[in-house]
Every structure is written in structure tokens, then in C-alpha cells.
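Analysis of the macromolecular model
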Amino acid sequence: MLSVLRVHLPSDIPIVGCELTPYVLLRRPDKTVTTDDVPESAPLDGHFLRYKWYRIQSDRKVAVCSVHPSEQATLQCLGCVKAKIPVAKSYHCSPKCFSDAWQHHRVLHDRAASAVNENGNEEEELFGRFNSSGSGVINTGLSGSASSASLTNGSAPLYPAAVAQRNGGETWFEVGRSKTYTPSADDIGHVLKFECVVVDVETKSPIGHVNTMLTSRVIPAPSPTPRHLIPVSGVDMMGHLDSDGRISSSGTFTVLSYNILSDVYATSETYSYCPSWALSWPYRRQNLLREIVGYRADIVCLQEVQSDHYEEFFAPELDKHGYQALYKRKTNEVYSGNTHTIDGCATFFRRDRFSHVKKYEVEFNKAAQSLTEAVVPSAQRKTALNRLVKDNVALIVVLEAKFSNQGADNLGKRQLLCVANTHVNVHQDLKDVKLWQVLTLLKGLEKIAASADIPMLVCGDFNSVPGSAPHALLAMGKVDTLHPDLVVDPLGILRPHSKLTHQLPLVSAYSSFARLGVGLGLEQQRRRMDPTTNEPLFTNCTRDFIGSLDYIFYTADSLTVESLLELLDEESLRKDTALPSPEWSSDHIALLAEFRCKPRPRR
């Protein structure tokens, strides 16, 4: 007979908006073991599985610490209450917790006061992140939410919340009847209970033991401080978003580049400082999607997108928001035999703004094969390929704009745009391979430029800091023959050094912060830039490394930068926290630039 052997949850803390999918291990009638579901619509040997979720509400209300959401709060910031800052941000679990958080939390009070002065009311989005708090006093009468409205969850129909049981000062409200459940705001601060039981098809009666499982208390999804667009084109005002969230000028478009941190690399060993629930893929994917959609970019270039996550999550979810998707996966698995651990580059664009013209795929492995056959003696080719073959790729997409800012002289002419999206090899001891991969990509883009008068964007994670040879090649069009990176060239693939050039007039978009004049927000952004390289101080921030690896380059003869997404500073990331964190779900930060196509001259 069908029986349940084990149930457990992959994540230790349930978060509002993040789907809970229990692991249910079954023994089938033929004694085989499986995790496949057995719904009422497809019973097995006259039996099926029935699921129920309950919210446990205690007569004793419990508030949750805003810094350590798995802990019960014992302190509350009265300043937050007076300033009408959302109450969840005012709780702390201990005096030390309150003291450690104060430096960051005082900013919430300043923003609240500023919002009142300027607007006469408070705006929720101005109030920092969920795990931020302030000056507190002991308050032993903390209270929490206890609502129990009717709802729909999972595949369950709308039905009234039913009191399943009341015992010892606790009330169980039934909140779901499917295997999965997505916690709502009503669940914050409460424990959830999951039940799974085998049911007879004929009698609809439970058979055998009812398997149950309790979660930790549900916590709100932490939310990072919103990042704004800062104009760099001489307009002394914040970027204005229209009702659909995009820059209101019809002649401009925005481009996002973001390494989202593949789940296969997001291990607790590598990122031990990030809470396990915040590192879990069910949480990170929802947080990443919320962030990406919130930027409302016209073109989105993502790196480290696992092939299964692209197909099952990002492509269908972004399709709902009007994006068409293109993907190029790396040429080999991270671990052989499991195709789901392949990651790659994904490019999305809004269908109402662009149409797809052409797609080019760059496989550096193929280029390595051709190179070794041409310049490496046969006896050394195996060694050469072992060094060069790293499975990295680039995805190049040619798009046609559905908008125009070219003026009357160019009416009716097609406005094409070429967008390259890449992830260059990570190994720091392979400086020659990094530079060769970037050169190979640029030479391919040169061929496209030679065949068409077309603006170009080169986006991605280049795993190269400002001032390195790959960055110099991109930004300056050449590499100094005395550059220290050129010392590493065991295969001789970088010689002669005179070939390390390209003719594309590329400029780093974020260098506009350092190059342009005075404007609201520009001085603050300059403090987050490296004055020697005109690049952000960091786009990647872990316990072991902080620096810039990600860039958006553009052809300056055909495009101008209108505005840039503001950079984060180290204070924004809390003094004791690196990335990823509960607020930011990658170890990289997103870059976003707004561009305008320059009018083309008459021919």
C-alpha cells in the first residue's frame, strides 16, 4: 500500500511570497521509493495523498526581530513609532542587536523626517531595508498580526479559513489544501503546520499515520533600499519614470547587466556569512525576479543563468512582463553528466520596444580549437587546449528599435542595435585566457560593425578589474606593450602585442559619473567611483573580494548616456555583511544605463 516515509522542508525559515514545497518521500505498493506526487486525479492502487496547511495563532502575540528574523523581539524603537516608520522595522531581539544596528538605522529616522518635511506624509519605499532598526527601549507588550482572511493558495479554491483545532491557547486556521504553499502577510510571525496523509479513493478516509511538520515563524521578505536613476546628461533632476516605470522620453532605452549568481555556485561553504534561507534558490529566485522586474529595463543581460532556471523560471516569468528571451549556455557542464548545472548568458528585451533581427553565438572553445591548430605546434596542442578551453560563451543579439529619435531627416530608416552579453573566465591565474577571450569577442563585433552602421553595447561580467589588460583593451582600444598582465603568456597567443587592438569606439557607461558636470546625486556617486580608473569602486562584494568586474560599454560615436542606476556604497551593505545577503541575492550588483541614439549624419 502507498505510505509516506518522510516529509521535510528544504528551507529552514518561511518567507512571505516565497513558495514552500515540502519534500515528501513515498513508498509505492511495489515497494519502490519515489518523491512523485500522487494526486486525487491520478490515484495509485486506490489511494492518493491529501495535503493541508495551517497557520498556528497563539493567544500570546509574538513580534519578530527586524535584524535577526528567526529571533523573538524584546526591544522596540520608540523613535520609529513616533516617526510612523513601519512597525516591523522597529523590533530588536537584544540590546546588542539594537546597538549594532543603530548606525544604519538612524538613516531611517532622517529619511522619515525628510519625507514628512517634503511631502507631508511618509512613503514606504523610502524606509530602507527590512533588517534595519534603531534606538530602542524595552517593551514587554509587543504585538503582532492576527488576521485570518479568506484566501486562495496553491491550487486550492477560495474557501473560508476554518478553525481546525484549538488547544492550549492555540488556534489552527486552515490556509491551504495543495502540496505547495506561499506564505502571505497574514502569516508573519506565525508558525505554519503541514499535514500529509494517504487517503482511500472510495471512502475519502485517511489511511494510517498523519505526517506533520512545523515551520519556523514566517518572516517578511527583506527589501533593499530602492536604487534611483541619476541623470548624467546635464539635467539637474532625478530620472523621471513614467506610469510603466520606464524613462518617459520615447527616444531613449535602458539596458541592465547583472550576474545573478548561479545556484550551483551559491553554496554555504562559499557564502557562509549569508543565512541559509536567504541562500536557498526558492528565496533567491523570487528576490532576483522582483529586483529585475522592478528596474523595468528595455534590455536585460543576465549572466550565470542555469539552463533549467532559464527554461522553467526566468523565460516564462519575464514573458509575463512583456520580454522576449534568448539564451546561450556554456559549452560544458559544471559537473559532468548533469545538464542542469550548465549556466550561461540570457538576454531579454521588451517586445513593445524592440524586435529580434539576428543572433550570434560565440563559443570560445571553438575559437580555441581554431587558434591552437593555426599557431601551436602539434606536440603542444593538448596542453594549449587544456589552458584555453574553459567553456565560456558570449551571446550577441541584433535588435531593431520600434521607436525613433532620429528626426525628420531619418524618418523611415531602421534603427538597429547590437547587444553583446558575456561572462569571461574567472580564474585569476589565467590572465592570458581572459585577454584572449575579450579580444576574440571584440574582433567578432568588429566584423558586425564593418557590415552595418550599428550602435553597439558590450555588457557582462568580465572578471577583470579596472586597469587590467582586458579592461584596457575594452576602454582604450589597445593594451600597452609593457602592461604587467602580458607577462603571463605561456602559449604565446598574445604575440605580437601590436595585434591587441580593436577599432570600436567603446566607452564605459559608468565613467559618465566621473566625467560629467554637476547635478543632483552626481557628487555622491563620484564618491563611489575610483578616480584613477573612472569605474565604480565595486560591482562584486564578498568577504574575500571587493572590486569591479562588471561593465556596460557602448560605442560613443552612436550612443550617449542619459542616466545611470545609482551605485551602492559599503555602508549600504551594512558594515558586517557581504553579498549575497537577505536583501541582495547575488554577490554582484546590477548595472543599468539609459541611452539615446545619436542622429546619423546624411550620406
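Below is a summary of the structure that appears in this document. (Residues numbered from 1 in each chain as written. Predicted model: local features only at pLDDT ≥ 70, side-chain atom pairs only at ≥ 80, totals over all residues. Heavy atoms only, no water.)

Thoughts on the overall build of the protein
When helices and strands are counted, the protein shows eleven helices and 28 strands. Evaluated residue by residue, the protein yields a buried proportion of 51% over its 603 residues. By sequence separation, contacts in the protein at least 24 residues apart represent 74% of the contacts at least 6 residues apart. Carbon and sulfur atoms form 51% of the exposed surface of the protein, whose accessible area is close to 26,600 Å². (Helix = DSSP H or I, 4+ residues; strand = E, 2+ residues; numbered from the N terminus. Buried < 20%, exposed > 50% of the residue type's maximum accessible area, 1.4 Å probe, protein only. Contact = heavy atoms within 4.5 Å. Areas by Shrake-Rupley, 256 points an atom, 1.4 Å probe, with all protein chains shown as cover.)

Overview of the sheet that holds strand S12 (residues 229–231)
Spatial ordering of the open sheet is given by S12-S27-S28-S13-S14-S16-S15, a layout of seven strands whose pairing is mixed. Edge positions in the sheet fall to S12 and strand S15 (323–329), since each of these pairs with one other strand and no more. Sheet twist, expressed as the mean angle between neighbouring strand axes with direction ignored, is 25 degrees. Pairing of S15 with strand S16 (residues 343–350) involves seven bridges; the strand directions are antiparallel. Looking at the pairing, Lys 328 lines up with Cys 345 of S16. Each of strand S13 (252–259), strand S14 (299–306), strand S27 (559–565) and strand S28 (591–597) is contacted by helix H4 (residues 281–295), which is oriented at about 160 degrees to S13, the strand it contacts most. Taken strand by strand, helix H5 (residues 307–320) contacts S14, S15 and S16, and its axis lies near 165 degrees from that of S15. (Pairing = 2+ DSSP bridges. Axes fitted to C-alpha atoms, helices over the stretch in contact; angles between N-to-C directions.)

Focus: the side chain of Arg 353
Mapping Arg 353 onto the fold places it in the loop between S16 and strand S17 (354–363). A polar contact of 3.2 Å, which involves the side chain of Arg 353, links it to the side chain of Asp 298. (Polar contact = N/O pair within 3.5 Å; in protein donor to acceptor, adjacent residues only side chain to side chain.)

Structural notes on the packing of helix H6 (residues 364–375) against helix H7 (residues 381–388)
Two numbers describe how H6 lies on H7: the axes approach to 10 Å, and their chain directions differ by 150 degrees. By the angle between their axes, H6 is roughly antiparallel relative to H7. Seen from above, H6 lies across H7 with right-handed handedness. Contact residues: H6 offers Ala 368, Gln 369, Leu 371, Thr 372 and Glu 373, while H7 offers Arg 381, Ala 384, Leu 385 and Leu 388. Residue composition of the contact of H6 with H7, by class: five nonpolar, two polar and two charged. (Parallel < 35°, antiparallel > 145°, perpendicular 65-115°, else oblique. Left-handed = near helix turned anticlockwise from the far one by under 90°. Nonpolar A, V, L, I, M, F, W, Y, C, P; charged D, E, K, R; others polar.)

Points about the sheet that holds strand S1 (residues 3–8)
Taken in spatial order, the three strands make up an open sheet running S1-S2-S3, and their pairing is antiparallel. Since the sheet does not close on itself, it has two edges, and those belong to S1 and strand S3 (33–34), each with one partner. As defined by bridge partners, S1 adjoins strand S2 (residues 23–27) across five bridges and the pair is classed as antiparallel. Paired with His 8 across the two strands is Tyr 23, which belongs to S2.

Points about the side chain of Glu 562
Within the secondary structure, Glu 562 is located in strand S27. Owing to a relative accessible area of 16%, Glu 562 belongs among the buried residues under this scheme. Setting aside residues no more than four positions away along its own chain, Glu 562 makes contact with Pro 231, Val 232, Ser 233, Thr 252, Glu 594, Phe 595 and Arg 596.

Digging into the pairing of strand S9 (residues 170–176)
Among the seven residues in S9, six count as buried, and that is most of the element. Alignment of strand S4 (residues 47–58) against S9, held across six bridges, turns out to be antiparallel. Following the sheet pairing, Ser 58 is matched in S9 by Glu 170.

Observations concerning the pairing of S13
Along S13, eight of the eight residues are buried, which leaves the element largely enclosed by surrounding structure. Because side chains alternate across S13, one face comprises the buried residues Thr 252, Thr 254, Leu 256 and Tyr 258, and the other comprises Phe 253, Val 255, Ser 257 and Asn 259, equally buried. Direction of pairing for S13 relative to S28: antiparallel, over a ladder of six bridges. Among the inter-strand pairings, Val 255 is bridged to a residue of S28, identified as Ala 593. Both S13 and S14 contribute to a ladder of five bridges, which runs parallel.

Some thoughts on H4
With 15 residues, H4 extends 21 Å from end C-alpha to end C-alpha; this agrees with the ideal 21 Å at 1.5 Å per step. Of all the positions in H4, only Trp 281, Tyr 283, Arg 284, Asn 287, Leu 288, Leu 289, Glu 291, Ile 292, Val 293 and Tyr 295 are classed as buried. Positive phi shows up at Arg 296, right after H4, with a value of about 50 degrees. (Expected span 1.5 Å × (residues − 1).)

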